[in-house]
Amino acid sequence: RAEIKFMFDEFKNAFQRPNHGHVQLIIINVVVYLVLVVLFVFSRVLQFSEFFDVIHQQLAIPAPILQFLQKPWTIITYAFVHDLTGIFHILFNMLVFYWFGKLFVEYLGSDKLIAVYVLGSIAGAVAYLLVYNIIPFYESRIPSGGMVGASAAVYAIVVATATLLPDYTFFFFFLGPIRIKYIAAFYIVI
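Residues numbered from 1 in each chain as written. Predicted model: local features only at pLDDT ≥ 70, side-chain atom pairs only at ≥ 80, totals over all residues. Heavy atoms only, no water.

(A) Main features of the side chain of T74. Note on placement: T74 falls in helix 5 (residues 74-77). Side-chain polar atoms of T74 contact the backbone oxygen of K71, separated by 2.7 Å. Each residue touching T74, except ones within four places of it in the same chain, is listed here: Q58, L59, A60, I61, P62 and F68. (Helix = DSSP H or I, 4+ residues; strand = E, 2+ residues; numbered from the N terminus. Polar contact = N/O pair within 3.5 Å; in protein donor to acceptor, adjacent residues only side chain to side chain. Contact = heavy atoms within 4.5 Å.)

(B) Representation of a nonpolar patch on the surface within the structure. A surface patch of nonpolar side chains, about 780 Å² in accessible area, is lined by V38, F40, V41, F42, V45, L46, F48 and F51. If one sorts the elements of the nonpolar patch by residue count, helix 2 (residues 21-45) sits on top with five residues. With respect to the helices, strands and loops of the structure, V38 is situated in helix 2. (Patch = residues over 30% accessible without salt bridge, like charges linked within 9 Å, V, L, I, M, F, W, Y side chains within 5 Å. Areas by Shrake-Rupley, 256 points an atom, 1.4 Å probe, with all protein chains shown as cover. Salt bridge = Lys/Arg side-chain N within 4 Å of Asp/Glu carboxyl O.)

(C) Structural detail: the pairing of strand 1 (residues 169-172). Where strand 1 and strand 2 (residues 176-179) come together, four bridges link them in antiparallel fashion. Residue pairing for strand 2: F172 is matched across the bridge by G176. A loop of three residues connects strand 1 with strand 2, the two strands running antiparallel in sequence. (Pairing = 2+ DSSP bridges.)

This is the structure we're talking about:
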């Protein structure tokens, strides 16, 4: 109960405190998600779904390289947009990001966390573009409409933290103590 109160206080004052880059990025992700949910609902209710589709296309990174070259900003924006068909994508990404990000910030600070987050999202975007445009096998399997999600950025934070402190232990209610290098490996395999 005290941990939940502390977490809410952390989020409430995130932009007034130093070294809270992980909380600030979580807030930005959640706000973007909620704004897009509201736009999606209103565009469907008002039977003007093209409005939402145009906005979403401006934020998601398109797979075909020529489309990407027309929207280069999507190399960053896709990492702040999540799939709206369910809440679990953003929920799990942000929970893992909070736990590992908090540990990362404790040792390296917010500036480095933000840099790793952005570089992780760029690396994920580059990998996505390369796989789609170079390997014909994936061309028909990757949706050409675009990719969204902070997974690549979160993976970067998880791997960086596990590399920095591989034997650091998180305690799970049902599982007990687990070293973060195993959590990182499990998270990446999934």
